[in-house]
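What follows is each chain in one-letter form.
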Amino acid sequence: MSLKGKIQKFTITRGEGETAELADYEIELDEGMVVLDCVHRIQHEQEPDLAVRWNCKAGKCGSCSAEINGRPRLMCMTRMSDVVDETEDGKPIEIRPMKAFPHVKDLVTDVSWNYEVAQKIKPINGPDEMNWEFNQNEADRVQQFRECIECFLCVNTCHVLRDHSLFDEFAGPRNLVRLAQYEMHPLDQEDRIPEIKKEFGVEYCNITRCCTEVCPAGIQITDDAIIQLKERVVDRYYDPLQRIWRTLTRQKVRY
Amino acid sequence: MTEDYKKYEYDVIVIGAGGAGLRAAIEAARSGAKTAIITKSLLGKAHTVMAEGGCAAALQNADPRDGWKVHFHDTMKGSKWLANWQMAEYHAKEAPDRVRELEQWGAVFDRTPKNLINQRNFGGHTFPRLAHVGDATGLELIRTLQERGIHEGIDIFMEYTVRHLLKEGDRVTGCVAYTRVDGDFHAFSAKSVVLATGGITRVWSVCSGSWEYTGDGHALALWAGAELRDMEFVQFHPTGMVWPPSVRGILVTEGVRGEGGRLTNSEGDRFMFDYVPEMFAGDHAETIEESDQWVEEIVSGKLATVRRPPELLTRDVVSKAINSEVKAGRGSPHGGAFLDISHRGEEAILKKLPSMHHQFKELAGVDISKEPMEVGPTAHYVMGGVIVNAESQETTISGLYACGEVASGLHGANRLGGNSLSDLIVFGKRAGEFAAKRSKDLAQPVIDDSQVKSAITDMLEPFNNEGGENPGLIYDELRDMMQAKVGIIRTKDELDEAIEDLKNFDTRRKSAYPGSSRKYNSGWHQALDLKNMVDVSYVATLAALTREESRGGHTRDDFPVPDDEYWGETLNIIYMEDGEIKIRQEAKEEMRDDLKDAINEVKAMIAERAAEAGGEN
Ligand SMILES: Cc1cc2nc3c(=O)[nH]c(=O)nc-3n(C[C@H](O)[C@H](O)[C@H](O)COP(=O)(O)OP(=O)(O)OC[C@H]3O[C@@H](n4cnc5c(N)ncnc54)[C@H](O)[C@@H]3O)c2cc1C
Ligand code: SF4
Ligand code: SF4
Ligand code: FES
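In this report, we go over the structure that sits alongside the text. (Residues numbered from 1 in each chain as written. Chains lettered and ligands numbered in written order. Predicted model: local features only at pLDDT ≥ 70, side-chain atom pairs only at ≥ 80, totals over all residues. Heavy atoms only, no water.)

### Quick look at the site of ligand 2
Spelled out, the test is: Near residues are defined by distance, with any heavy atom within 4 Å of the molecule or strand qualifying the residue. Each helix is a run of H or I in the DSSP string that is no shorter than four residues. Each strand is a run of E no shorter than two, and both are numbered from the N terminus.
Taken together, 13 residues are adjacent to ligand 2, and A:Cys158, A:Cys205, A:Thr208, A:Arg209 and A:Cys211 come closest. Going through the elements one at a time, helix H9 (210-214) and helix H10 (221-238) of chain A are the ones with two or more residues in the shell around ligand 2.

### Let's talk about the packing of aromatic side chains
Our working definition: Paired rings are identified among Phe, Tyr and Trp, the last through its six-membered ring, by centres lying within 6.5 Å, and are further divided according to the angle between planes into stacked (under 30 degrees), edge-to-face (over 60) and tilted (the rest). Relative accessible area decides the class of each residue, using a 1.4 Å probe on protein chains only: under 20% of the type maximum gives buried, over 50% gives exposed, and in between gives partly exposed.
Inspection of the entire model under this criterion finds 16 aromatic pairs over all chains. Ring geometry for A:Tyr237 against A:Tyr238: centres 6.5 Å apart, planes inclined by 55°, an arrangement best described as tilted. Each ring, one from B:Tyr10 and one from B:Phe157, has its centre 6.2 Å from the other, and the planes form 85°; the classification is edge-to-face. One end of the pair, B:Tyr10, is in strand E1 (residues 5-15); the other, B:Phe157, is in strand E6 (residues 155-158), and 147 residues separate them in sequence. Owing to a relative accessible area of 5%, B:Tyr10 belongs among the buried residues under this scheme. Judged by its relative accessible area of 10%, B:Phe157 falls in the buried class.

### Regarding the site of ligand 1
All names here are of chain B. Formally: The definition of a polar contact used here is a pair of N or O atoms within 3.5 Å, where within protein one atom must be able to donate a hydrogen and the other to accept one, and adjacent residues in sequence count solely through side-chain atom pairs. Only the protein chains shown count as covering a residue, and every accessible area follows the Shrake-Rupley method with a 1.4 Å probe. Of the two site types, the cavity is a set of points on a 1 Å grid over the protein atoms alone where a 1.4 Å probe fits but cannot get out, and the pocket is an open set with protein on both sides within 12 Å along at least five of seven lines, each lined by residues with an atom within 4 Å of a point. Grid points define the cavity or pocket, and a molecule sits in it when more than half of its atoms lie within 2 Å of them.
The local shell around ligand 1 holds 39 residues, among which Thr48, Gly53, Glu212, Tyr213 and Glu405 are the closest. Within the backbone of Gly19, an N or O atom sits 3.2 Å from an oxygen atom of ligand 1. Separating an oxygen atom of ligand 1 from a backbone N or O atom of Ala196 is a distance of 3.4 Å. Relative to its unbound accessible area of 1000 Å², ligand 1 is 99% covered by the protein chains. Most atoms of ligand 1, that is more than half of them, are within 2 Å of grid points of the largest cavity. Elements that contribute at least two residues to the shell around ligand 1 include exactly helix H1 (19-30), strand E2 (35-39), strand E7 (160-168), strand E14 (373-382) and helix H11 (419-440).

### Focus: the interface of chain A and chain B
Selection rule: Any pair of residues with heavy atoms lying within 4.5 Å of one another is described as a contacting pair. Accessible-area loss on putting two parts together, using a 1.4 Å probe and summing over both, is the definition of buried area adopted here. Criterion for a salt bridge: a side-chain nitrogen of Lys or Arg within 4 Å of a carboxyl oxygen of Asp or Glu.
With 64 residues of chain A in contact, the opposing surface of chain B contributes 71 residues. The junction of chain A with chain B conceals about 5400 Å² of combined surface from both sides, 51% of it contributed by carbon and sulfur atoms. If you sort the residues of chain A by the area they bury against chain B, A:His44, A:Lys60 and A:Arg146 come out on top, with a joint share of 14%. Where chain A packs against chain B, one counts eight salt bridges. The salt bridge partner of B:Lys351 is A:Asp140, with a shortest N-O separation of 2.9 Å. Linking chain A with chain B are 48 residue pairs in polar contact (both at pLDDT 80 or more), by the criterion used here. Breaking the side of chain A that touches chain B down by element, the ones donating at least two residues are helix H1 (35-45), strand E6 (103-105), helix H3 (112-120), helix H4 (136-146) and helix H7 (172-183) of chain A. The element best represented in the side of chain A that touches chain B is H4(A), accounting for five residues.

### Re the pattern of salt bridges
Residue and element names in this part refer to chain B. Under the definition given, this model contains 82 salt bridges over all chains. Its salt-bridge partner being Asp506, residue Lys510 comes within 3.7 Å of it at the nearest N-O pair. Of this pair, Lys510 and Asp506 both sit in helix H14 (residues 492-510), four residues apart, which is roughly one turn of the helix. For Lys510, a relative accessible area of 48% puts it in the partly exposed group. Taking relative accessible area as the criterion, Asp506 reaches 22% and is therefore assigned partly exposed. The salt bridge partner of Arg551 is Asp564, with a shortest N-O separation of 2.9 Å. With Arg551 in the loop between helix H15 (522-546) and strand E18 (555-556) and Asp564 in the loop between E18 and strand E19 (570-577), this residue pair connects regions lying 13 residues apart in the sequence. The exposure class assigned to Arg551 is buried, which follows from its relative accessible area of 7%.

### Considering the sheet that holds strand E5 (residues 93-96) of chain A
Residue and element names in this part refer to chain A. Applicable threshold: Strands are treated as partners if at least two bridges between them are detected by DSSP. To get an axis, fit a line to the C-alpha atoms, keeping to the stretch in contact for a helix; angles then go from 0 to 180 degrees between the N-to-C directions.
With mixed pairing, five strands are arranged side by side in an open sheet as E2-E1-E5-E3-E4. Both outer strands of the open sheet, strand E2 (21-28) and strand E4 (71-74), are each paired with one neighbouring strand and no more. Neighbour-to-neighbour, the strand axes of the sheet open up by a mean angle of 30°, direction not taken into account. With three bridges connecting them, strand E1 (residues 7-14) and E5 associate as parallel partners. Considered in E5, the bridge of Ile12 is made with Ile95. In the packing of H1 onto the sheet, contacts are made with E1, E2, strand E3 (65-68) and E5, and the angle to E2 comes to roughly 95°.

### Examining the pairing of strand E9 (residues 185-195) of chain B
All names here are of chain B. Among the eleven residues in E9, eleven count as buried, and that is most of the element. Both E1 and E9 contribute to a ladder of ten bridges, which runs parallel. For Val14, the partnering residue across the bridge sits in E9 and is Val194. Pairing geometry for strand E8 (residues 171-179) and E9, over five bridges, is antiparallel. Along E9, the bridge assignment pairs Cys175 with Phe188. Following E8, the chain reverses through five residues before pairing antiparallel with E9; Gly183 in that reversal takes a positive phi of roughly 75°.

### Some remarks on the nonpolar core
Threshold: Here the nonpolar core consists of buried residues drawn from Ala, Val, Leu, Ile, Met, Phe, Trp, Tyr and Cys, with membership extended through side-chain atoms lying within 4.5 Å.
Core analysis: the largest hydrophobic core is formed by 232 residues, its most contacted members being A:Met75, A:Met80, A:Ile95 and B:Phe188. Leaving out residues up to four positions away in the same chain, A:Met80 has contacts with A:Leu3, A:Gln8, A:Phe10, A:Leu29, A:Met33, A:Val34, A:Val35, A:Cys38 and A:Ile93. B:Phe185, B:Ala187, B:Ile447 and B:Ile456 belong to the second-largest nonpolar core, a separate cluster that totals 15 residues.

In structure tokens, the structure reads:
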């Protein structure tokens, strides 16, 4: 069904921090719009100073994360036809900023915590010679993790952070994906397991899989990244054979 | 009212955190310079993140017959011989090591059966040359540089927008920025400043670019007294999405054609066979059978023994062909052409073109593994930019460097796909290296308070316009005007009109009112951006008006053929004098003899292949 000409109501967070409130808007829709188009239309036609963060409008940069009708999604990849379908007739579509991060203004939040955690993760440590050799199967294992667009929707959804605010203890799903990307790189030599356990707190994750559900890049965050890391931690700290092997060889175990 | 501002001191300031800016900053920091990056969006979000198809470098992993000479030849030919040959030489020679270095910094490119970096075919590249990661190569590049960059001791200022370059006499000594989040002001003293701000394509309404593409760096350089070239050459990528309207312009990677995608019109004809220009006659397949055989060989990892499909002609050629088909009434339902890859099968498509599959499914409700896409030209890249020294990337004013899309020279009249990502890392490194070198012998410049104050006054100007228009509306209308009058096919009359219109826009933007808050005020940012958008639009229009011929990314309906004798040897140079934008012509530089020999060597090799593939004719 074409939405062209339909008058649609929206209710959008306006203001800063504690004093922010929902404000109502109404615009006429065009065919094939995504939610970000509507926000832009409101900004260009009604509210010049409406704050919204976006870059690519193509689902590639991960800037435009928000909670649309309570579901964390990218505004630029959420089609109005779907949102209109899920909204009760005559009711407004609700757009709020991500809840887990400090609010800046309107739809914009402060996501700098994610960058601070990233800073603590050691870079790749591989051979000095150029022309690294590894095969496509080995690449496949890591490439999935490298598809992350840093939208931080997973972090926003994870109850360890959203509800329990364990920002100092737990690295969050996005940065665990980053750790997995290095840990499973075929040529990385760094021993990352101790900090994955201690500093980055992998054990705080209790495998609810909420992060995986919202990931717009379709990364199997829980099963392919976090559980793998958890297993490596278990092997290291709770498996005596592994421990003996390691002291004998002083080497990282290859999986 | 006096406004406070914060002061900082650095050896090297890099403006922009795309591929070029990050690479420059890494090099500067590694050379021992105290370095900062200023970027108007968050780290890792720059336009580079959108690049899809790949990064061109003659690694010789996919086809050993490749080499720097062939890459050099292809770049020069693609540029319609207007590129700066010295840059094209550095680029072809250095790109392989820059790509290998990315791998050492954690990039995980797709592999060959021999476990090395794989390479794919792209338009205008004689051999498979593009290192890639599915169709998300830009993401791989930017994330790799970001993850390397944060461990190099570089200070990073995110969501700071630079509006002004500080000068002392005729050298650049720093810059002034506002923060998007709070709207407060910051002045940076720097011994060297590197512009890496990307392009200008947001001035067209159908474009593939991010919101950042408002030509900030082009304008900052122009205002500071640097010269630009090639600004009439804008690459309209042949395959943007055309339907639905809200996604019009979003890119469909050339990788689709590199993987065997077929272009057809509403009558089902593979029309590209009819559009092979004389310059490329003999380089491309002449029959559907030959095309199909090429795809088959490439897909199964063999060396091609026949010539590539005409779908892989350079972008200017394919764009104009689609445009002509639509004009002749043979377009697709929404005014484009059909692009079909479904014959490759779902499995191959999901592996090689996952984000295209996702993009069409999510945004257009089309499953590209089963049905064709509808595509049409979209403003994609500006070949023109700030003139730089090939070796050091220094602009025509001292202390100011430029690299990446904001710089010019490597691409001449037309850029080959994949040659931008390689441009970023080759010349990003050079810019960083030379900017750092320069800073070694210099004292820290003193920040000139009066320049900062006047920049701040300019930035606050929009808040005095209570009751004025919403800047967003002017922004939309400007883009529509440029699309209509300075688009893919140009005429004198329309360009003249555009010049007049731009004067109007300049007046209108001065009275736009964004509302009163300085906190993350999108309208205020737009009101400021409009100043550069109007200026770079003017520059592009003026250059287009002046070049009375058609070449590469510049097509004049009233001058449809290339004028090799004059314009084939001549560049348009843009500069500012007494507050006015001016243009003059300069002869291009004669190529070095050994490079001419290299070109002839490659030409002979290509002719030999054509003779083998095409038999007698
Ligand atoms: C959809 C798409 C696909 C593409 N695919 C390919 C491909 O496959 N291969 C290829 O080679 N090329 C490709 N390109 C082209 C290529 O991506 C770009 O040319 C290239 O990424 C530009 O990089 P850059 O480093 O010059 O600038 P950008 O990545 O654009 O970075 C510019 C930076 O400057 C900052 N900035 C701008 N203005 C200011 C200011 N006033 N103050 C502070 N900061 C500022 C921005 O925030 C940003 O950080 C593609 C382009 C698009 C749009
Ligand atoms: S699976 Fe773990 S990381 Fe993901 S949301 Fe649940 S607790 Fe958080
Ligand atoms: S893992 Fe997925 S949800 Fe999390 S930041 Fe990356 S792309 Fe977003
Ligand atoms: S704007 Fe880039 S992901 Fe939405």
